[in-house]
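# Close look at the chain arrangement
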Amino acid sequence: MAPSTPSQAELERRKLVSINAETVTDTISTDYPGHFPGEDNSWDCDEFARNLQVVFHDNQSLYASFSLIGVDASIANAFRRIIISEIPTLAIEDVFIENNTSVIQDEVLAHRLGLIPFKGNKEGIVEWLKWFKKPEGGADGNAGYYDYNTVSLALQVKCTHNDEAAEDEADPLKAYHHAHVYARDIVFTPIGRQSKVFHGDGVIAPTNPDILIAKLRPGQVVDLTMHMHKGIGAEHAKFSPVATASYRLMPTITITRPILGADADKFAKCFPAGVIGLEKVTKKEARQVGSGYEGHEGETKAVVVDPMKDTVSRECLRHEEFHGKVKLGRRRDHFIYSIESTGQWPSDELFLEAVKVLKVKCEKLHAQVINMVR
């Protein structure tokens, strides 16, 4: 069969997942060899590089939103899973309780402490700190703790009466000192070279100092020390560098026939604010034969403004007046990521680190395949 080349419009159509009133169709990718007779859809590195795009929509220290365009869902999901579970962070691993007379049991207190996210000098955490290797059975339990693999913290809080408070004071925060134990009460106690690596703005500290750990009353004490180690989210969720890491497909909204007047207002209300706009039909549009705007100069029409804000609720498909006038879909190769960092990594760097991790995995697999063939 002679080779054939599809039009650009056909290629764009193949990238869309169709959203219908009751069903979702065209969910399977078709851009692979042999699916379309006469077309060569074999993977090409140069073609992939031309189509690949990364566009940031919001880039803050703790939150990033960006679009990854031109990749398959398997690759996009691999990045998401790596961000969640394979990028190393520092978290509390061991809690040594000297005294705890609060109402919170030791095990619950230790668990709460372990889930507190911390921040610090990223280069020190990622490059200088090494992985901690737990002593084998029968070995000294205190062996193996060094400044390059263990970070020490302390929490010493005692609740006492506030002599300056009124006798009838009902607010415990005013009636007592240290009635609440917060994350900001945790103190970094550097050992060895850590004071040089983690200092100034890069000192080890809770990302959110206002996290409530426990409530105390006069006479109650929390006195403990903690050891932090490096880990990954695959071991425990406390090591995950993100609070959330998700993606969604880019929505598409195509108005196939004019929606005018009161219908345009109703159509706009079927979508989140900012998705659909209202404009006046121009004189040029009203004169254009076949546009559907003939004789409607000056009337309000519905136009698509920002489909990215759409949640694809399909509300517009419920109304008969819009049947045959709109098509909803999602673009199969356009992924909108939302990443919320817990503080140790800048949100935008998490994606770059995930790319590095996946690259290392591919290199290892490549070497294993070559060895297997040999």
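A quick note: this is a predicted structure, and the numbers were derived from the prediction, not measured.

Our next topic: the overall build of the protein chain. A tally of helices and strands in the protein chain yields 10 helices and 18 strands. Taken over C-alpha atoms, the radius of gyration comes to 29 Å for the protein chain, far larger than the 21 Å a tight globule of 374 residues would show. In terms of principal-axis extent, the alpha carbons of the protein chain reach across some 85 × 75 × 35 Å. Classification of the 374 residues of the protein chain by burial places 36% in the buried group. Partitioning the contacts of the protein chain with sequence separation of at least 6, the portion at a separation of at least 24 is 77%. Summed over its atoms, the accessible surface of the protein chain is roughly 21700 Å², and 52% of this surface lies on carbon and sulfur atoms.

Right, let's talk about the environment of L212 for a bit. Structurally, L212 can be placed in strand β13 (residues 212-215). Excluding its chain neighbours within four sequence positions, the residues that come into contact with L212 are R112, H180, V181 and Y182.

Take the pairing of strand β3 (residues 53-59) next. With six bridges connecting them, β3 and strand β4 (residues 63-69) associate as antiparallel partners. Residue pairing in the sheet places V54 in a bridge with L68 of β4. Once β3 ends, the chain turns through three residues before running back antiparallel as β4.

Cut-offs applied
- Residues numbered from 1 in each chain as written.
- Predicted model: local features only at pLDDT ≥ 70, side-chain atom pairs only at ≥ 80, totals over all residues.
- Heavy atoms only, no water.
- Helix = DSSP H or I, 4+ residues; strand = E, 2+ residues; numbered from the N terminus.
- Rg over C-alpha atoms; globule rule 2.2 N^0.38 Å.
- Buried < 20%, exposed > 50% of the residue type's maximum accessible area, 1.4 Å probe, protein only.
- Contact = heavy atoms within 4.5 Å.
- Areas by Shrake-Rupley, 256 points an atom, 1.4 Å probe, with all protein chains shown as cover.
- Pairing = 2+ DSSP bridges.

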